[in-house]
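Summary of structural features
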Amino acid sequence: MIDMIESSSNSQIKHIAKLQKSAKYRRECGEFVAEGIKMVLESARYDAGVKIYISENAKAEYFTQIQENGLRANLEIVADKVFAKITETMTPQGVLAVVKMPQYDESIIERGNLVVCLENLQDPGNMGTILRTAEGAGVDAVIISKDSVDMFNPKVVRSTMGASFRVPFFVVGDFGEELAKLQDKGYEVYASSLQSSSDFREKSYDGKVALIVGNEANGIRPETQELANHRIFIPMGGELESLNASVAAALLMYEVRRRRDGLR
């Protein structure tokens, strides 16, 4: 019989609530919160040190799945009124997990041939969508500037749909220095620029490629564009000046994929 947590002053509940709210606390603990049954089971699949919490009303729906995945020993049941204080979703499924932050080997960049570099990306939905798209496009790693939205922000975590456990990502302090390191490793760096005269579809993308995606409102910083080997643009009709960051990233990633698959 599993005892139920019925008080919001419980130390585990306080810990989860603080993880949900504070990026600093998440970094200090090396943990984050994954909500929803898909994310919970995905976390367990990658042995991320899962501790699972189910609301009393959701127990009947998810208990069997958790038991079948060998996770019952790491399970806590939480009173509905208490669970409401630790969820960040509008319509919670009633299940979440406290998970260790994934750690990736940076040598994957050396061995790979396609990375995406995100500079000052702020929208959680864009961040999650880009990570999911990167997985689909066969990207080896994602490099993220430290001034971007926190990768373990609850909205980002939900938006990745588990891709953060499968796509290596690295948050870097000096974005320009990281681009220089990529170039030293043989990467050609491509930056999207409205001032460019090179259509992104006209490049061959041979060898090692690094694609830069910039801030939603301001794009790639001018000083960062100066560091790129190539400046490219995505042609648009109508009166549009730019595309959504995740849409632009998807077009660039899949153009590289298309070229490498030998498609016309």
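Scroll up for the structure.
Predicted model only: the values in this text are computed from it and were never measured. (Residues numbered from 1 in each chain as written. Predicted model: local features only at pLDDT ≥ 70, side-chain atom pairs only at ≥ 80, totals over all residues. Heavy atoms only, no water.)

With respect to topology, six strands assemble into an open sheet ordered β8-β7-β6-β10-β9-β11, the strand pairing being parallel. Both edges of this open sheet fall to β8 (169-172) and β11 (230-232), since each of them pairs with a single strand only. Within this sheet the neighbouring strands show an average axis-to-axis angle of 25°, counted without direction. Relative to strand β10 (residues 208-213), strand β9 (residues 187-192) runs parallel, the two sharing five bridges. When the sheet's bridge partners are listed, A191 is paired in β10 with I212. The strands touched by helix α9 (residues 175-184) within the sheet are β6 (114-118), β7 (141-145), β8, β9 and β10, with β6 carrying the most contacts at an inclination of about 165°. This element, helix α11 (residues 245-260), spans β6, β10 and β11 of the sheet and lies at about 165° to β10. (Pairing = 2+ DSSP bridges. Helix = DSSP H or I, 4+ residues; strand = E, 2+ residues; numbered from the N terminus. Axes fitted to C-alpha atoms, helices over the stretch in contact; angles between N-to-C directions. Contact = heavy atoms within 4.5 Å.)

This paragraph deals with the packing of helix α7 (residues 124-137) against α11. Interaxial distance between α7 and α11 falls to 9 Å at its minimum, and their mutual angle equals 10°. On the basis of the axis angle, α7 is roughly parallel to α11. For the pair formed by α7 and α11, the contact residues are N126, T129, I130, T133, A134, G136 and A137 on the first element and A245, S246, A249, A250, M253, Y254 and R257 on the second. Tallied by class, residues from the contact of α7 with α11 come to eight nonpolar, five polar and one charged. (Parallel < 35°, antiparallel > 145°, perpendicular 65-115°, else oblique. Nonpolar A, V, L, I, M, F, W, Y, C, P; charged D, E, K, R; others polar.)

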